[in-house]
Amino acid sequence: MKSRTMAVAAALLLACLLTACGKKDTAPAVYTVGTDEVVSLDSIMGEGEALLSSVDAPTEEAVAAGIETYTYHYRQMADPAELAAEYISVLRGAEQGFAPTDELNQQLAEEPNLETLTGAVILEKKSSVEPAEGERGKIFRVIVAWSEFAVAIEVSHQSGVILPPPVEEVEEEAPAQPTGLMEQLEYFSGLRPEDIGLEGDNMADYMVYPKEGWVLVDSYSCRELRVYLEDVRDGSNVYMGTYYLTSDLTQLYRKNDDGSVVRLELEKP
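A few points on the structure. Model, not experiment: these values are computed from the prediction.

### Overview of the overall build of the protein
Part 1 of the argument: Helix and strand counts for the protein stand at four helices and 15 strands.
Part 2 of the argument: Per-residue burial for the protein yields a buried fraction of 39% across its 269 residues.

### Structural notes on helix α4 (residues 181–189)
An α-helical turn contains 3.6 residues, so any two residues separated by three or four positions project in the same direction.
Part 1 of the argument: For α4, the full list of buried residues reads Gln184, Leu185, Tyr187 and Phe188. Here the buried residues of α4 occupy an arc of 160 degrees about the axis, which is enough to place them on one side. Turned more than 90 degrees away from the buried face of α4, the exposed residues are Met182 and Glu186.

### Topic: unusual backbone geometry
Part 1 of the argument: Positive phi is not limited to glycine here, since serine 219 has a value of about 70 degrees.
Part 2 of the argument: Relative to the helices and strands, serine 219 is located in the loop between β11 (215–217) and β12 (220–230).
Part 3 of the argument: Residue classification places serine 219 among the exposed residues on the basis of a relative accessible area of 68%.
Part 4 of the argument: Here leucine 249, not a glycine, exhibits a phi torsion of approximately 65 degrees, which is positive.
Part 5 of the argument: As for its position among the elements, leucine 249 is in the loop between β13 (237–246) and β14 (252–255).
Part 6 of the argument: A relative accessible area of 5% means that leucine 249 is categorised as buried.

### Here we look at the packing of aromatic side chains
Part 1 of the argument: Within this structure, the stated rule accounts for five aromatic pairs.
Part 2 of the argument: These aromatic residues form a ring-pair network of at least three members: Tyr209, Tyr228 and Tyr239.
Part 3 of the argument: Against the face of tryptophan 214 rests arginine 223, its NZ or CZ located 4.5 Å from the ring centre.

### Quick look at the pattern of salt bridges
Part 1 of the argument: One pass over the full model with this rule turns up seven salt bridges.
Part 2 of the argument: The salt bridge involving arginine 192 is made with aspartate 195; its shortest N-O contact spans 2.9 Å.
Part 3 of the argument: Salt-bridge contacts for arginine 263 lead to glutamate 265; the nearest nitrogen and oxygen are separated by 3.1 Å.
Part 4 of the argument: Judged by its relative accessible area of 42%, arginine 263 falls in the partly exposed class.

### Overview of a negative patch on the surface
Part 1 of the argument: A cluster of acidic side chains, namely Glu49, Asp79, Glu82 and Glu86, defines a negative patch on the protein surface.
Part 2 of the argument: With respect to the helices and strands, aspartate 79 occurs in the loop between β5 (69–75) and α3 (80–91).

### Some remarks on the nonpolar core
Part 1 of the argument: If you look at the biggest cluster of nonpolar residues, it comprises 29 residues, and the most contacted ones within it are Val38, Tyr74, Ile153 and Val155.
Part 2 of the argument: If you list the elements that add at least two residues to this core, you get β2 (30–33), β3 (36–39), β4 (51–58), β5, α3, β7 (119–126), β8 (138–146) and β9 (150–159).
Part 3 of the argument: Beyond its immediate chain neighbours, meaning those up to four positions away, valine 155 contacts Tyr31, Val33, Val38, Glu68, Thr69, Tyr70, Tyr72, Phe140, Arg141 and Val142.
Part 4 of the argument: If you look at the next biggest cluster of nonpolar residues, it comprises 16 residues, including Leu191, Tyr206, Leu225 and Leu249.

### Concerning α3
Part 1 of the argument: The terminal C-alpha atoms of α3, which comprises 12 residues, lie 17 Å apart, in line with the 16 Å expected from a rise of 1.5 Å per residue.
Part 2 of the argument: Of the residues making up α3, those classed as buried are Pro80, Ala81, Leu83, Ala84, Tyr87, Ile88 and Leu91. For α3, the angular spread of buried residues about the axis comes to 160 degrees, placing them on one side.
Part 3 of the argument: Between a side-chain oxygen at the N-terminus of α3 and the backbone nitrogen of alanine 81 the separation is 3.3 Å; the capping residue is aspartate 79.

### Remarks on the side chain of glutamine 96
Part 1 of the argument: Mapped onto the elements, glutamine 96 comes out in the loop between α3 and β6 (99–101).
Part 2 of the argument: Residue classification places glutamine 96 among the buried positions, given a relative accessible area of 14%.
Part 3 of the argument: With sequence-adjacent residues up to four places away left out, glutamine 96 is seen in contact with Val38, Val39, Val90, Leu91 and Lys125.

### Side note on the environment of valine 155
Part 1 of the argument: Considering the arrangement of structural elements, one finds valine 155 in strand β9.
Part 2 of the argument: Residue classification places valine 155 among the buried residues on the basis of a relative accessible area of 0%.
Part 3 of the argument: It is 7.3 Å that separates the C-alpha atoms of valine 155 and tyrosine 31, two residues lying 124 residues apart in sequence.

Here is what the cut-offs are and how they apply
Residues numbered from 1 in each chain as written. Predicted model: local features only at pLDDT ≥ 70, side-chain atom pairs only at ≥ 80, totals over all residues. Heavy atoms only, no water. Helix = DSSP H or I, 4+ residues; strand = E, 2+ residues; numbered from the N terminus. Buried < 20%, exposed > 50% of the residue type's maximum accessible area, 1.4 Å probe, protein only. Arc of directions from axis to C-beta. Phe/Tyr/Trp six-rings, centres within 6.5 Å; stacked < 30°, edge-to-face > 60°. Lys NZ or Arg CZ within 6 Å of the ring centre and 35° of its normal. Salt bridge = Lys/Arg side-chain N within 4 Å of Asp/Glu carboxyl O. Patch = residues over 30% accessible without salt bridge, like charges linked within 9 Å, V, L, I, M, F, W, Y side chains within 5 Å. Areas by Shrake-Rupley, 256 points an atom, 1.4 Å probe, with all protein chains shown as cover. Lys, Arg positive; Asp, Glu negative; His and termini not counted. Charge placed at Lys NZ, Arg CZ, Asp CG, Glu CD. Core = buried A, V, L, I, M, F, W, Y, C linked by side-chain atoms within 4.5 Å. Contact = heavy atoms within 4.5 Å. Expected span 1.5 Å × (residues − 1). Polar contact = N/O pair within 3.5 Å; in protein donor to acceptor, adjacent residues only side chain to side chain.

The structure is reproduced here in structure tokens:
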């Protein structure tokens, strides 16, 4: 997009395409294309702030071909970028009603950068001129271009309609892949007993028995894990609790003595 903007700026500031260039005796209060009018740069400047050096008007051949474009060239200003930014702000105000767009008539999703030594901004609004047969619509376009030493304003009509800004596509996170039984047991055995309501320094003291199949807890598919602790006195297994681990290892639940199930706050693997 930056290279296109630079190309627009260069075209307005350095070339005259399908135009007849000539001096302008008086500074206009408005720029006019057909029945459309927009306040001119001259009308917002102080006396002597810049000089209208020339105006590129369309040739008779261009007008006959439906290409009616006027370009106003200004020089001898203290800060071209600042003057251009001031004019752009006026055009975007409620009274003028222009919106910044790209070359395809699509409104910009981000604010244009006006703090560059050379640049160009396209501003558009719906034209008051009725579209010709076969045209979707008519747009009144103003391009404000500036360089280190000059400012150029181009006004024209464009065929088409102004499009809304592009909608930023948000990449959806890929759903977590379900894990296998061994990976689930490895994850569960790596937890700290104190984090899941058990005693001891590590889960190696406990025996974990997974149940076949899945159970639904909080809309998650979970593996049921029953935890036992060996009684050293007689070698019997003492039931310590039932847990539910989601297939993607992101959620862990514990079953209370009263049968209720609560989610445990754990760091994700």
